[in-house]
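Here is what each chain is made of, one letter per residue.
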Amino acid sequence: MVQRGLLIVVEGCDRSGKSTQCENLVAKLQQTGNDTELVKFPDRTTQTGKMIDSYLQQKSDLDDHAIHLLFSANRWEAMKTLSEKLSTGTTLVVDRYAFSGVAFSSAKGLDLEWCRNPDIGLLTPDIVLFLDLTIDEAEKRGGFGQERYEKRDLQIKVRDEFTKLQDDTWKFIDASQSKDQVQQDIWDTIKQFKQKSTKDGIQPLQF
Ligand code: TMP
Ligand code: MG
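This text gives an overview of the structure that appears in the document. (Residues numbered from 1 in each chain as written. Chains lettered and ligands numbered in written order. Predicted model: local features only at pLDDT ≥ 70, side-chain atom pairs only at ≥ 80, totals over all residues. Heavy atoms only, no water.)

Concerning the overall build of the protein chain
Reasoning step 1: Helix and strand counts for the protein chain come out as nine helices and five strands.
Reasoning step 2: In the protein chain, the succession of helices and strands from N to C terminus is β-α-β-α-α-α-β-α-α-β-α-α-β-α.
Reasoning step 3: Per-residue burial over the protein chain gives 46% buried out of 207 residues.
Reasoning step 4: Of all intrachain contacts in the protein chain linking residues separated by at least 6 positions in sequence, the fraction that spans at least 24 positions is 80%.
Reasoning step 5: For the protein chain, the exposed surface amounts to about 10,500 Å²; the carbon and sulfur share of it is 49%.
Reasoning step 6: Of note, the protein chain has its 28 positive side-chain charges centred 2 Å away from the centre of its 33 negative side-chain charges. (Helix = DSSP H or I, 4+ residues; strand = E, 2+ residues; numbered from the N terminus. Buried < 20%, exposed > 50% of the residue type's maximum accessible area, 1.4 Å probe, protein only. Contact = heavy atoms within 4.5 Å. Areas by Shrake-Rupley, 256 points an atom, 1.4 Å probe, with all protein chains shown as cover. Lys, Arg positive; Asp, Glu negative; His and termini not counted. Charge placed at Lys NZ, Arg CZ, Asp CG, Glu CD.)

Some thoughts on the sheet that holds strand β5 (residues 170–174)
Reasoning step 1: Strand order in the open sheet formed by five strands is β2-β3-β1-β4-β5, and the pairing between neighbours is parallel. The sheet is open, and its two borders are formed by β2 (36–40) and β5, each paired with just one other strand. Averaged over all neighbouring strand pairs, the angle between strand axes comes to 20°, with direction disregarded.
Reasoning step 2: Pairing of β2 with strand β3 (residues 91–95), which is carried by five bridges, proceeds in the parallel orientation. Looking across to β3, one finds that Leu38 is bridged to Val93.
Reasoning step 3: The sheet strands contacting helix α4 (residues 79–87) are β1 (7–12), β2 and β3, and the helix crosses β3 at an angle near 140°.
Reasoning step 4: Helix α5 (residues 98–107) rests against β1, β4 (127–132) and β5 of the sheet, and its axis sits at about 25° to β1. (Pairing = 2+ DSSP bridges. Axes fitted to C-alpha atoms, helices over the stretch in contact; angles between N-to-C directions.)

Points about the site of ligand 1
Reasoning step 1: Around ligand 1 sit 13 residues in total, of which Lys40, Arg44, Arg75, Arg96 and Gly101 are the nearest.
Reasoning step 2: Separating an oxygen atom of ligand 1 from a side-chain N or O atom of Arg96 is a distance of 2.7 Å.
Reasoning step 3: The contact in question runs from an oxygen atom of ligand 1 to an N or O atom on the backbone of Gly101, over 3.3 Å.
Reasoning step 4: Considered on its own, ligand 1 offers 480 Å² of accessible surface; in the complex 93% of this is hidden by protein.
Reasoning step 5: Among the detected pockets, ligand 1 sits in the largest pocket.
Reasoning step 6: Elements with a contribution of two residues or more to the shell around ligand 1: α3 (64–76) and α5.
Reasoning step 7: Tallying contributions element by element places α5 first for the shell around ligand 1, with three residues.
Reasoning step 8: Considering only residue class, the shell around ligand 1 consists of six nonpolar, two polar and five charged. (Near = heavy atom within 4 Å. Polar contact = N/O pair within 3.5 Å; in protein donor to acceptor, adjacent residues only side chain to side chain. 1 Å grid on protein atoms, 1.4 Å probe; cavity = no way out; pocket = protein on both sides within 12 Å on 5 of 7 lines; lining within 4 Å. Sits in = over half its atoms within 2 Å of the grid points. Nonpolar A, V, L, I, M, F, W, Y, C, P; charged D, E, K, R; others polar.)

Regarding the side chain of Arg148
Reasoning step 1: Structurally, the position occupied by Arg148 is in the loop between α7 (135–140) and α8 (152–164).
Reasoning step 2: At 2.8 Å, the side chain of Arg148 forms a polar contact with the backbone oxygen of Tyr55.
Reasoning step 3: The residues contacting Arg148, other than those within four sequence positions of it, are Tyr55, Leu56, Gln58, Ser60 and Asp61.

Regarding the pattern of salt bridges
Reasoning step 1: Per the stated rule, a full pass over the model turns up 15 salt bridges.
Reasoning step 2: Note that Asp126 and Arg4 form a salt bridge whose closest N and O atoms lie 2.9 Å from each other. On the criterion of sequence distance, the pair formed by Asp126 in the loop between α6 (112–116) and β4 and Arg4 in the segment before β1 is long-range, its members being 122 residues apart.
Reasoning step 3: Judged by relative accessible area, Asp126 falls into the buried class, the value being 15%.
Reasoning step 4: The closest approach of N and O atoms between Arg152 and Asp136, which form a salt bridge, is 3.0 Å. With a gap of 16 residues between them, Arg152 in helix α8 and Asp136 in helix α7 connect regions that are remote in the sequence.
Reasoning step 5: With a relative accessible area of 33%, Arg152 lands in the partly exposed category.
Reasoning step 6: When its relative accessible area of 46% is taken as the criterion, Asp136 is described as partly exposed. (Salt bridge = Lys/Arg side-chain N within 4 Å of Asp/Glu carboxyl O.)

Remarks on the environment of Phe99
Reasoning step 1: Structurally, the position occupied by Phe99 is in helix α5.
Reasoning step 2: The exposure class assigned to Phe99 is buried, which follows from its relative accessible area of 15%.
Reasoning step 3: Along the primary structure Phe99 and Asp119 are separated by 20 residues, whereas in three dimensions their C-alpha atoms are 9.3 Å apart.
Reasoning step 4: Apart from the residues within four sequence positions on either side, Phe99 is in contact with Val9, Glu11, Pro125, Val128, Phe162, Leu165 and Trp170.

Put into structure tokens, the structure is as follows:
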């Protein structure tokens, strides 16, 4: 029987280095013989993703609840494919997931419990790497971009909301360190986790 892949989620505020670190992690896992793919949410290529992209680029406006549900739908529509990949042995490194959904919408003022509901039942991550960076440090990296949520005041609230969502699957990574050191910390964390989960026998993913 094929051992299933791991569902590794990477979260953090904008400018925390998530995308670079996700790419590095995928490359490193592949080099060490693990069938691995990168997944990114929002997936801007699908129908829901195009609406989300337009909203983020401030080309269209949507009610806060409606955009929250679209982000969730954007994950749900990927679940069947992702669960098939995991069950056939592919490890997935996921750049943002439901935690971003809840953290951003609740930072905008929506009720936290309401925000959690649409994502209930999504595949449960095996491990969540939270790339932690203060907003001052994030701004030192050349400032935020032009998208709707890339604003100091909102990002401060988002970081605060993220910390409310942590459970024992979360590992905090100090993202203020050099790129290489962050990469090393992530790799050490994943190696440790893989050893432990192989020893314990990986349990089925909740779906
Ligand atoms: P990105 O910069 O990683 O492409 O993400 C786009 C923005 O969307 C980012 O500011 C975080 C936000 N976001 C949500 O508000 N809800 C979500 O569910 C996700 C995945 C991202
Ligand atoms: Mg962004």
